[in-house]
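This is what each chain is made of:
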Amino acid sequence: HDLKKSILVLKDSVRHFISRSLYDFKSTDEPFSATGLKKAVIYRADGKLGDAVCFLPFIRELRRFSPDCEITVLSNGNTAQIYEAADFIDKVIIFPKKPKNRETDRFAESLRGCDLYVHLFEKLKGRHLRLINRIHPKWIATLDKSLKCDNLGIYEYTSSVDERGLTWEQSEKCLHITDLLFRILEKGGIAPDVIDRSYVRMFA
């Protein structure tokens, strides 16, 4: 059992290395501003209901601070209606779980010109990296600390044991997903005390 698990981990690592070699890129060094964005894409095609609840406050605040930003959510069929019901989201696109390369490229073509791309996954797969590469956003937030293209670096708030040896309970790291998303706004110059951290009322 341990040998099989080790082989699977090795295969994933090799695939990730190859994907990074093919699709990773050096993104902009331009300072990120959370105001004045024109186009944002948020990947939630692998999310469930609980993820939607956690992402909506961030998307609402992103709209508040960048009112002219076109916000697109890549969703799955199970949660699309949740995002569609939010009046601060412009587009909801049903995105396949495992798209072929041609599908990925077709979706990417319609999403070009993206300022901000958010995909909170610890190790992005090749199809995810291909999508990001084809969209080529200015600013990218993931949890994959191995990527050059991730220039927002919010993964620094997710370590279960920080560099001081402090555990989750003792450290400001390992933030709840909603607070982690708000760090994107804070990195973009939004003061923490002006962010509305309340959750969205989804049902009457």
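Just above sits the structure.
The shown structure was predicted, so the numbers you read here are calculated from the model rather than taken from an experiment.

## Looking at helix 6 (residues 177-187)
Step number 1: Along helix 6, the residues that are buried comprise Thr178, Leu180, Leu181, Phe182, Ile184 and Leu185.
Step number 2: Turning to helix 6, the residues buried within the fold contact helix 2 (49-65), strand 4 (116-119) and strand 5 (139-142).
Step number 3: Count one or two residues on from helix 6 and you reach Gly189, which has phi positive near 95°.

## Quick look at the state of the cysteines
Step number 1: Under the criterion given, the structure shown has 0 disulfides.
Step number 2: Considering cysteine sulfurs only, Cys114 is the nearest to Cys69, which forms no disulfide, with 8.1 Å between them.
Step number 3: Owing to a relative accessible area of 2%, Cys114 belongs among the buried residues under this scheme.

## Focus on the packing of aromatic side chains
Step number 1: Within this structure, the stated rule accounts for 3 aromatic pairs.
Step number 2: Here Tyr43 and Phe95 contribute two aromatic rings whose centre-to-centre distance is 5.7 Å and whose plane-to-plane angle is 70°, an arrangement assigned as edge-to-face. Of the two residues, Tyr43 sits in strand 1 (residues 39-43) while Phe95 sits in the loop between strand 3 (91-94) and helix 4 (101-110), which places them 52 residues apart along the sequence.
Step number 3: Accessibility expressed as a relative area gives 5% for Phe95, which makes it buried.
Step number 4: Directly above the ring of Phe55 sits Arg44, whose terminal nitrogen or CZ lies 4.1 Å from the centroid.

About the thresholds
- Residues numbered from 1 in each chain as written.
- Predicted model: local features only at pLDDT ≥ 70, side-chain atom pairs only at ≥ 80, totals over all residues.
- Heavy atoms only, no water.
- Buried < 20%, exposed > 50% of the residue type's maximum accessible area, 1.4 Å probe, protein only.
- Helix = DSSP H or I, 4+ residues; strand = E, 2+ residues; numbered from the N terminus.
- Contact = heavy atoms within 4.5 Å.
- Disulfide = S-S within 2.5 Å.
- Phe/Tyr/Trp six-rings, centres within 6.5 Å; stacked < 30°, edge-to-face > 60°.
- Lys NZ or Arg CZ within 6 Å of the ring centre and 35° of its normal.

In short, geometric facts, not functional conclusions.
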